[in-house]
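# Structure at a glance
This is what each chain is made of:
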Amino acid sequence: MLSERELQISPIVQDSVMHNTKTLTTLHNLTASLFGVGAGILGLESYSGFIFYIIFTLLTSALVYGLRVRPAGVQNGKGGIERYFQGSMELWTGGLVDGLSGFVLTWTLFYGLVRA
Amino acid sequence: MPQVPVQTIHRDPQLFYWILIPITIVMILTGILRHYATVLMAVTPKKQDLPTIREQRSLLRAINLRMNANAISTPSFNARKDYMVTALENGAFLKEPDKKGQAAPNPMTDPAAMEGMMGMMKGNMAMIIPQTLIMGWINAFFSGFVIIRLPFPLTIKFKSMLQAGVATKDMDPQWMSSISWYVLCIFGLQSVFNYLLGSDNAASQMAQQMGQMGPGAAPQMFGPGVDAYKQYQAEAENIAVLDHQYTLEGVENRLLQSVKV
(Lines give C-alpha, C1' and ligand atoms only; values in the text may rest on other atoms or scores of the structure.)
Protein backbone atom coordinates (compact mmCIF):
# COMPACT_ATOMS: atom_id res chain seq x y z
CA MET A 1 0.00 0.00 0.00
CA LEU A 2 1.30 3.39 -0.90
CA SER A 3 1.79 5.97 1.77
CA GLU A 4 -0.11 9.23 1.64
CA ARG A 5 2.96 11.13 0.59
CA GLU A 6 3.70 8.79 -2.32
CA LEU A 7 0.09 9.07 -3.43
CA GLN A 8 0.49 12.83 -3.59
CA ILE A 9 3.67 12.57 -5.62
CA SER A 10 2.26 10.12 -8.15
CA PRO A 11 -1.52 10.40 -7.79
CA ILE A 12 -4.04 7.84 -8.96
CA VAL A 13 -6.49 9.60 -11.25
CA GLN A 14 -9.95 8.26 -10.55
CA ASP A 15 -11.23 8.94 -14.07
CA SER A 16 -8.51 6.85 -15.64
CA VAL A 17 -9.10 3.98 -13.23
CA MET A 18 -12.79 4.02 -14.08
CA HIS A 19 -12.05 4.15 -17.79
CA ASN A 20 -9.74 1.16 -17.59
CA THR A 21 -12.21 -0.86 -15.55
CA LYS A 22 -15.07 0.04 -17.84
CA THR A 23 -13.14 -0.93 -20.96
CA LEU A 24 -12.24 -4.27 -19.44
CA THR A 25 -15.81 -4.90 -18.25
CA THR A 26 -17.24 -4.11 -21.68
CA LEU A 27 -14.79 -6.48 -23.31
CA HIS A 28 -15.61 -9.25 -20.87
CA ASN A 29 -19.36 -8.72 -21.16
CA LEU A 30 -19.22 -8.95 -24.93
CA THR A 31 -16.89 -11.92 -25.11
CA ALA A 32 -18.85 -13.77 -22.43
CA SER A 33 -21.98 -13.59 -24.57
CA LEU A 34 -20.04 -14.91 -27.56
CA PHE A 35 -18.56 -17.72 -25.47
CA GLY A 36 -22.11 -18.56 -24.45
CA VAL A 37 -23.05 -18.84 -28.11
CA GLY A 38 -20.06 -21.12 -28.66
CA ALA A 39 -20.79 -23.31 -25.67
CA GLY A 40 -24.43 -23.61 -26.69
CA ILE A 41 -23.66 -24.60 -30.26
CA LEU A 42 -21.09 -27.15 -29.08
CA GLY A 43 -23.79 -28.55 -26.81
CA LEU A 44 -21.69 -28.47 -23.66
CA GLU A 45 -23.41 -29.44 -20.45
CA SER A 46 -22.88 -28.64 -16.77
CA TYR A 47 -19.21 -28.66 -15.74
CA SER A 48 -17.71 -28.72 -19.20
CA GLY A 49 -19.64 -25.55 -20.06
CA PHE A 50 -18.39 -23.67 -17.04
CA ILE A 51 -14.83 -24.90 -17.62
CA PHE A 52 -15.15 -23.69 -21.22
CA TYR A 53 -16.20 -20.30 -19.89
CA ILE A 54 -13.37 -20.08 -17.35
CA ILE A 55 -10.71 -21.14 -19.86
CA PHE A 56 -11.81 -18.73 -22.53
CA THR A 57 -12.25 -15.81 -20.13
CA LEU A 58 -8.76 -16.38 -18.80
CA LEU A 59 -7.56 -16.58 -22.39
CA THR A 60 -9.15 -13.18 -23.07
CA SER A 61 -7.43 -11.75 -20.00
CA ALA A 62 -4.17 -13.32 -21.11
CA LEU A 63 -4.50 -11.73 -24.54
CA VAL A 64 -5.17 -8.35 -22.93
CA TYR A 65 -2.12 -8.88 -20.75
CA GLY A 66 0.10 -10.09 -23.55
CA LEU A 67 -0.88 -7.59 -26.22
CA ARG A 68 -1.44 -4.44 -24.19
CA VAL A 69 -0.31 -4.57 -20.59
CA ARG A 70 2.97 -6.44 -20.89
CA PRO A 71 4.52 -4.39 -23.75
CA ALA A 72 3.83 -1.17 -21.83
CA GLY A 73 5.47 -2.73 -18.80
CA VAL A 74 8.53 -3.72 -20.79
CA GLN A 75 8.88 -0.16 -22.02
CA ASN A 76 8.74 1.16 -18.48
CA GLY A 77 11.11 -1.41 -17.15
CA LYS A 78 8.69 -2.82 -14.58
CA GLY A 79 5.53 -4.91 -14.48
CA GLY A 80 2.73 -3.49 -16.55
CA ILE A 81 -0.12 -4.40 -14.21
CA GLU A 82 0.59 -1.46 -11.92
CA ARG A 83 0.40 0.87 -14.88
CA TYR A 84 -3.16 0.00 -15.80
CA PHE A 85 -4.81 -1.64 -12.80
CA GLN A 86 -4.79 -1.40 -9.04
CA GLY A 87 -4.00 -5.05 -8.62
CA SER A 88 -3.43 -8.10 -10.75
CA MET A 89 -6.66 -9.69 -9.47
CA GLU A 90 -8.68 -7.02 -11.23
CA LEU A 91 -7.40 -8.17 -14.60
CA TRP A 92 -7.48 -11.92 -14.04
CA THR A 93 -10.58 -12.67 -11.99
CA GLY A 94 -12.72 -9.55 -12.44
CA GLY A 95 -13.86 -10.69 -15.86
CA LEU A 96 -15.12 -14.03 -14.59
CA VAL A 97 -17.84 -12.44 -12.49
CA ASP A 98 -18.73 -9.67 -14.93
CA GLY A 99 -19.77 -11.84 -17.81
CA LEU A 100 -21.26 -14.83 -16.05
CA SER A 101 -24.93 -13.83 -16.34
CA GLY A 102 -24.54 -12.98 -20.01
CA PHE A 103 -22.79 -16.28 -20.60
CA VAL A 104 -25.56 -18.29 -18.91
CA LEU A 105 -28.21 -16.47 -20.92
CA THR A 106 -26.72 -17.07 -24.35
CA TRP A 107 -25.55 -20.55 -23.43
CA THR A 108 -29.09 -21.53 -22.44
CA LEU A 109 -30.60 -19.87 -25.48
CA PHE A 110 -28.34 -21.50 -28.03
CA TYR A 111 -28.30 -24.83 -26.25
CA GLY A 112 -32.07 -24.79 -26.39
CA LEU A 113 -32.14 -23.73 -30.02
CA VAL A 114 -29.65 -26.34 -31.17
CA ARG A 115 -30.97 -29.24 -29.08
CA ALA A 116 -34.64 -28.50 -29.55
CA MET B 1 -22.22 -43.43 -9.70
CA PRO B 2 -25.59 -44.45 -11.04
CA GLN B 3 -26.62 -42.59 -14.13
CA VAL B 4 -29.93 -40.80 -13.79
CA PRO B 5 -31.77 -40.99 -17.09
CA VAL B 6 -32.17 -37.57 -18.63
CA GLN B 7 -35.74 -36.42 -18.85
CA THR B 8 -36.76 -35.61 -22.35
CA ILE B 9 -39.85 -33.65 -23.14
CA HIS B 10 -41.11 -33.31 -26.65
CA ARG B 11 -41.72 -29.69 -27.32
CA ASP B 12 -43.26 -28.11 -30.33
CA PRO B 13 -40.53 -26.26 -32.29
CA GLN B 14 -43.09 -23.52 -32.76
CA LEU B 15 -42.57 -22.66 -29.08
CA PHE B 16 -39.33 -21.00 -30.03
CA TYR B 17 -40.85 -18.79 -32.68
CA TRP B 18 -43.87 -17.78 -30.68
CA ILE B 19 -42.59 -17.57 -27.10
CA LEU B 20 -38.84 -17.59 -26.68
CA ILE B 21 -37.89 -15.22 -29.43
CA PRO B 22 -40.75 -12.74 -28.82
CA ILE B 23 -39.91 -12.48 -25.12
CA THR B 24 -36.24 -11.92 -25.86
CA ILE B 25 -36.88 -9.31 -28.53
CA VAL B 26 -39.41 -7.50 -26.36
CA MET B 27 -36.95 -7.43 -23.47
CA ILE B 28 -34.23 -5.93 -25.66
CA LEU B 29 -36.58 -3.37 -27.17
CA THR B 30 -37.94 -2.35 -23.76
CA GLY B 31 -34.40 -1.82 -22.57
CA ILE B 32 -33.69 0.44 -25.52
CA LEU B 33 -36.98 2.25 -25.01
CA ARG B 34 -36.24 2.77 -21.34
CA HIS B 35 -32.82 4.16 -22.19
CA TYR B 36 -34.23 6.71 -24.59
CA ALA B 37 -37.14 7.56 -22.31
CA THR B 38 -34.65 8.31 -19.55
CA VAL B 39 -32.58 10.44 -21.89
CA LEU B 40 -35.64 12.37 -23.08
CA MET B 41 -37.09 12.87 -19.63
CA ALA B 42 -33.88 14.23 -18.17
CA VAL B 43 -34.80 17.76 -17.15
CA THR B 44 -32.35 20.53 -17.84
CA PRO B 45 -31.54 22.24 -14.56
CA LYS B 46 -33.47 25.42 -14.00
CA LYS B 47 -31.59 28.68 -14.21
CA GLN B 48 -30.80 29.92 -10.74
CA ASP B 49 -30.39 33.44 -9.51
CA LEU B 50 -27.00 34.87 -8.65
CA PRO B 51 -26.99 34.55 -4.83
CA THR B 52 -28.00 30.88 -5.02
CA ILE B 53 -25.22 30.07 -7.45
CA ARG B 54 -22.75 31.95 -5.30
CA GLU B 55 -23.86 30.02 -2.24
CA GLN B 56 -23.28 26.69 -3.97
CA ARG B 57 -20.09 27.59 -5.77
CA SER B 58 -18.33 28.97 -2.72
CA LEU B 59 -18.91 25.69 -0.93
CA LEU B 60 -17.45 23.89 -3.95
CA ARG B 61 -14.54 26.29 -3.87
CA ALA B 62 -13.83 25.46 -0.26
CA ILE B 63 -13.99 21.74 -1.05
CA ASN B 64 -11.65 22.16 -4.00
CA LEU B 65 -9.22 24.06 -1.81
CA ARG B 66 -9.23 21.20 0.66
CA MET B 67 -8.83 18.50 -2.00
CA ASN B 68 -6.01 20.18 -3.89
CA ALA B 69 -4.28 21.78 -0.93
CA ASN B 70 -1.06 19.90 -1.58
CA ALA B 71 -0.58 21.46 -4.97
CA ILE B 72 0.12 24.96 -3.57
CA SER B 73 2.85 26.16 -1.29
CA THR B 74 2.28 26.53 2.42
CA PRO B 75 2.17 30.37 2.56
CA SER B 76 -0.37 30.59 -0.21
CA PHE B 77 -2.42 27.79 1.31
CA ASN B 78 -2.43 29.59 4.64
CA ALA B 79 -3.59 32.81 3.04
CA ARG B 80 -6.43 31.00 1.27
CA LYS B 81 -7.28 29.06 4.41
CA ASP B 82 -7.59 32.21 6.51
CA TYR B 83 -9.80 33.86 3.93
CA MET B 84 -12.08 30.87 3.33
CA VAL B 85 -12.49 29.94 6.99
CA THR B 86 -13.43 33.48 8.01
CA ALA B 87 -15.79 33.94 5.11
CA LEU B 88 -17.46 30.57 5.64
CA GLU B 89 -17.92 31.07 9.36
CA ASN B 90 -19.32 34.56 8.89
CA GLY B 91 -21.69 33.28 6.29
CA ALA B 92 -20.58 35.96 3.86
CA PHE B 93 -21.52 33.90 0.82
CA LEU B 94 -24.95 32.87 2.01
CA LYS B 95 -27.98 33.58 -0.10
CA GLU B 96 -29.66 35.35 2.79
CA PRO B 97 -26.91 36.25 5.29
CA ASP B 98 -29.43 37.52 7.86
CA LYS B 99 -31.19 34.19 8.10
CA LYS B 100 -28.22 32.08 9.11
CA GLY B 101 -28.80 29.64 11.93
CA GLN B 102 -32.51 29.46 11.32
CA ALA B 103 -34.15 26.16 10.65
CA ALA B 104 -34.39 25.16 7.01
CA PRO B 105 -37.81 25.66 5.44
CA ASN B 106 -40.05 22.68 4.99
CA PRO B 107 -39.07 21.08 1.68
CA MET B 108 -42.71 20.40 0.85
CA THR B 109 -43.55 24.08 0.58
CA ASP B 110 -40.59 24.91 -1.65
CA PRO B 111 -41.55 24.69 -5.34
CA ALA B 112 -37.96 23.93 -6.36
CA ALA B 113 -37.99 20.94 -4.04
CA MET B 114 -41.20 19.61 -5.52
CA GLU B 115 -39.63 19.65 -8.96
CA GLY B 116 -36.72 17.54 -7.80
CA MET B 117 -39.10 14.99 -6.34
CA MET B 118 -41.09 14.90 -9.55
CA GLY B 119 -37.90 14.05 -11.42
CA MET B 120 -37.25 11.16 -9.07
CA MET B 121 -40.83 9.95 -9.44
CA LYS B 122 -40.50 9.99 -13.22
CA GLY B 123 -37.33 7.92 -13.05
CA ASN B 124 -39.05 5.37 -10.84
CA MET B 125 -42.08 5.25 -13.11
CA ALA B 126 -39.91 4.61 -16.16
CA MET B 127 -38.67 1.52 -14.37
CA ILE B 128 -41.84 0.22 -12.74
CA ILE B 129 -44.35 0.63 -15.56
CA PRO B 130 -42.54 -1.44 -18.22
CA GLN B 131 -41.71 -4.10 -15.66
CA THR B 132 -45.35 -4.44 -14.60
CA LEU B 133 -46.60 -4.38 -18.17
CA ILE B 134 -44.23 -7.05 -19.42
CA MET B 135 -44.82 -9.24 -16.41
CA GLY B 136 -48.57 -8.99 -17.01
CA TRP B 137 -48.11 -9.61 -20.73
CA ILE B 138 -46.09 -12.77 -20.14
CA ASN B 139 -48.51 -13.95 -17.49
CA ALA B 140 -51.51 -13.37 -19.75
CA PHE B 141 -50.16 -15.01 -22.89
CA PHE B 142 -47.35 -17.36 -22.00
CA SER B 143 -47.93 -18.70 -18.50
CA GLY B 144 -47.63 -22.44 -18.11
CA PHE B 145 -45.30 -23.13 -21.01
CA VAL B 146 -42.12 -25.04 -20.46
CA ILE B 147 -39.87 -23.66 -23.12
CA ILE B 148 -36.21 -24.38 -22.54
CA ARG B 149 -33.79 -26.57 -20.63
CA LEU B 150 -30.81 -25.22 -18.75
CA PRO B 151 -27.58 -26.87 -19.82
CA PHE B 152 -26.42 -27.43 -16.24
CA PRO B 153 -28.06 -29.34 -13.41
CA LEU B 154 -29.55 -27.60 -10.42
CA THR B 155 -30.82 -28.72 -7.05
CA ILE B 156 -34.48 -29.07 -6.26
CA LYS B 157 -34.49 -25.73 -4.45
CA PHE B 158 -34.46 -23.87 -7.75
CA LYS B 159 -37.64 -25.55 -8.91
CA SER B 160 -40.00 -22.91 -7.59
CA MET B 161 -37.86 -20.18 -9.12
CA LEU B 162 -37.37 -21.69 -12.56
CA GLN B 163 -40.76 -23.30 -13.02
CA ALA B 164 -42.96 -20.46 -11.88
CA GLY B 165 -46.43 -21.04 -13.22
CA VAL B 166 -45.89 -24.74 -13.92
CA ALA B 167 -46.98 -27.01 -11.09
CA THR B 168 -45.53 -30.37 -12.11
CA LYS B 169 -44.01 -32.25 -9.25
CA ASP B 170 -41.65 -34.67 -10.93
CA MET B 171 -40.17 -32.45 -13.59
CA ASP B 172 -36.43 -31.94 -13.50
CA PRO B 173 -35.56 -28.47 -12.17
CA GLN B 174 -33.50 -27.88 -15.31
CA TRP B 175 -36.61 -27.12 -17.28
CA MET B 176 -37.57 -23.48 -17.42
CA SER B 177 -40.92 -21.84 -17.82
CA SER B 178 -41.46 -18.68 -19.83
CA ILE B 179 -41.55 -16.45 -16.74
CA SER B 180 -38.18 -17.77 -15.66
CA TRP B 181 -36.79 -17.03 -19.09
CA TYR B 182 -37.95 -13.46 -18.55
CA VAL B 183 -36.07 -13.33 -15.24
CA LEU B 184 -32.94 -14.73 -16.87
CA CYS B 185 -33.24 -12.07 -19.56
CA ILE B 186 -33.32 -9.32 -16.93
CA PHE B 187 -30.01 -10.50 -15.54
CA GLY B 188 -28.25 -11.47 -18.71
CA LEU B 189 -29.07 -8.75 -21.21
CA GLN B 190 -26.75 -6.17 -19.66
CA SER B 191 -24.00 -7.10 -22.08
CA VAL B 192 -26.33 -6.71 -25.05
CA PHE B 193 -27.28 -3.23 -23.86
CA ASN B 194 -23.64 -2.39 -23.32
CA TYR B 195 -23.00 -3.33 -26.90
CA LEU B 196 -26.01 -1.54 -28.36
CA LEU B 197 -26.16 1.64 -26.32
CA GLY B 198 -22.70 2.19 -24.87
CA SER B 199 -21.77 1.46 -21.32
CA ASP B 200 -23.47 4.50 -19.75
CA ASN B 201 -26.93 3.34 -20.73
CA ALA B 202 -29.99 3.45 -18.51
CA ALA B 203 -31.53 0.34 -20.04
CA SER B 204 -30.87 -2.26 -17.40
CA GLN B 205 -33.18 -2.59 -14.47
CA MET B 206 -30.35 -3.95 -12.39
CA ALA B 207 -28.21 -0.89 -13.00
CA GLN B 208 -31.17 1.34 -12.14
CA GLN B 209 -31.66 -0.34 -8.84
CA MET B 210 -27.97 -0.14 -8.04
CA GLY B 211 -28.00 3.54 -8.92
CA GLN B 212 -30.85 4.22 -6.56
CA MET B 213 -28.93 2.70 -3.71
CA GLY B 214 -25.76 4.58 -4.58
CA PRO B 215 -26.77 8.23 -4.31
CA GLY B 216 -28.88 7.46 -1.27
CA ALA B 217 -25.70 6.75 0.63
CA ALA B 218 -24.10 10.10 -0.16
CA PRO B 219 -25.87 13.08 1.37
CA GLN B 220 -27.38 15.50 -1.06
CA MET B 221 -25.22 18.55 -1.53
CA PHE B 222 -27.53 21.34 -2.49
CA GLY B 223 -30.82 19.65 -1.96
CA PRO B 224 -33.76 21.58 -0.68
CA GLY B 225 -34.09 21.61 3.06
CA VAL B 226 -30.32 21.42 3.58
CA ASP B 227 -28.98 24.22 5.71
CA ALA B 228 -26.15 25.81 3.73
CA TYR B 229 -24.77 27.53 6.80
CA LYS B 230 -24.26 24.23 8.59
CA GLN B 231 -22.44 22.84 5.55
CA TYR B 232 -20.24 25.94 5.54
CA GLN B 233 -19.35 25.50 9.17
CA ALA B 234 -18.46 21.84 8.68
CA GLU B 235 -16.32 22.64 5.66
CA ALA B 236 -14.57 25.51 7.47
CA GLU B 237 -13.67 23.10 10.24
CA ASN B 238 -12.34 20.58 7.70
CA ILE B 239 -10.08 23.20 6.15
CA ALA B 240 -8.92 24.51 9.50
CA VAL B 241 -7.71 21.14 10.75
CA LEU B 242 -6.05 20.14 7.47
CA ASP B 243 -2.44 19.04 7.78
CA HIS B 244 -0.80 20.80 4.88
CA GLN B 245 2.12 19.27 3.02
CA TYR B 246 3.48 20.76 -0.16
CA THR B 247 3.94 18.16 -2.87
CA LEU B 248 6.88 19.92 -4.50
CA GLU B 249 8.82 19.96 -1.22
CA GLY B 250 12.17 18.33 -1.83
CA VAL B 251 11.36 17.79 -5.50
CA GLU B 252 14.94 18.57 -6.55
CA ASN B 253 16.28 15.69 -4.46
CA ARG B 254 13.69 13.30 -5.89
CA LEU B 255 14.56 14.39 -9.39
CA LEU B 256 18.28 13.87 -8.82
CA GLN B 257 17.60 10.44 -7.36
CA SER B 258 15.59 9.41 -10.40
CA VAL B 259 18.37 10.40 -12.82
CA LYS B 260 20.73 7.53 -13.37
CA VAL B 261 24.22 8.44 -14.39
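Residue positions are counted from 1 within each chain, in the order its sequence is given. The lettering of chains begins at A and the numbering of ligands begins at 1, in the order of writing. Restriction of local features to residues with pLDDT of at least 70 applies here, the model being predicted, together with a cutoff of 80 or more for giving and counting side-chain atom pairs; totals for whole chains, interfaces and linings are based on all residues. To get the side-chain values, all heavy atoms of the structure are used, and hydrogens and water are removed first.

### Brief notes about the overall build of chain A
Starting at the N terminus, helices and strands are each numbered in turn, a helix being any DSSP run of H or I of at least four residues and a strand any DSSP run of E of at least two. Across its full length, chain A carries seven helices and zero strands. Starting at the N terminus and ending at the C terminus, chain A contains elements arranged as α-α-α-α-α-α-α. Under the scheme applied here, a residue whose accessible area is under 20% of the maximum for its type counts as buried, over 50% as exposed, and between as partly exposed, the area being computed with a 1.4 Å probe on protein chains only. Buried residues in chain A amount to 34% of all 116 residues. Note on contacts: a residue pair qualifies if any of its non-hydrogen atoms lie within 4.5 Å across the two residues. Of the contacts formed within chain A by residues at least 6 apart in sequence, a portion of 72% connects residues at least 24 apart. Entry remark: accessible area of chain A is about 6800 Å², with carbon and sulfur atoms responsible for 66%. Every accessible area reported is derived by Shrake-Rupley at a probe size of 1.4 Å, with residue values counting cover from the shown protein chains alone.

### Looking at a nonpolar patch on the surface
A grouping of Y47(A), I51(A), I55(A), F56(A), L59(A), L63(A) and L67(A) is seen on the molecular surface, where their side chains present a nonpolar patch of about 770 Å² in accessible area. On the basis of relative accessible area, I51(A) is assigned to the partly exposed category, the value being 47%. The patches described consist of residues with a relative accessible area above 30% and no salt bridge, like charges being joined within 9 Å and nonpolar side chains (Val, Leu, Ile, Met, Phe, Trp, Tyr) within 5 Å. Whenever a carboxyl oxygen of Asp or Glu lies within 4 Å of a side-chain nitrogen of Lys or Arg, that contact is scored as a salt bridge.

### A look at the packing of aromatic side chains
The aromatic pairing rule takes the rings of Phe, Tyr and Trp, using the six-membered ring of Trp, and pairs them if the centres are within 6.5 Å, calling planes under 30 degrees apart stacked, those over 60 edge-to-face and the rest tilted. Across all of its chains, the model carries seven aromatic pairs over all chains by this definition. Judged by centre distance (4.6 Å) and plane angle (40°), the rings of F52(A) and F56(A) are tilted. Of the two residues, F52(A) and F56(A) are both situated in helix α3 (residues 46-76); the distance of four residues between them amounts to about one turn of the helix. Take F52(A): its relative accessible area is 15%, and that puts it in the buried class. One aromatic cluster is present, formed by F50(A), Y53(A), F103(A), W107(A) and F152(B) through successive ring pairs.

### A few points about the environment of F93(B)
Residues and elements named next belong to chain B. Looking at the secondary structure, you find F93 in the loop between α3 (74-90) and α4 (111-142). Under the relative-accessibility criterion, F93 is labelled buried at 10%. Considered as a pair, F93 and I53 are 40 residues apart in the sequence and their alpha carbons are 9.8 Å apart.

### Re the UniProt feature "transmembrane region" (unreviewed entry) in chain B
All names here are of chain B. UniProt positions are given in the numbering used here, feature names are shortened, and annotations may be inferred rather than shown by experiment. Residues annotated by UniProt as "transmembrane region" (unreviewed entry) correspond here to residues 15-37, 127-152 and 179-197. Along residues 15-37 the backbone is 100% helical and 0% strand, and the end-to-end C-alpha distance reaches 31 Å. For residues 127-152, helix accounts for 62% and strand for 15%, while the C-alpha atoms at its two ends are 31 Å apart.

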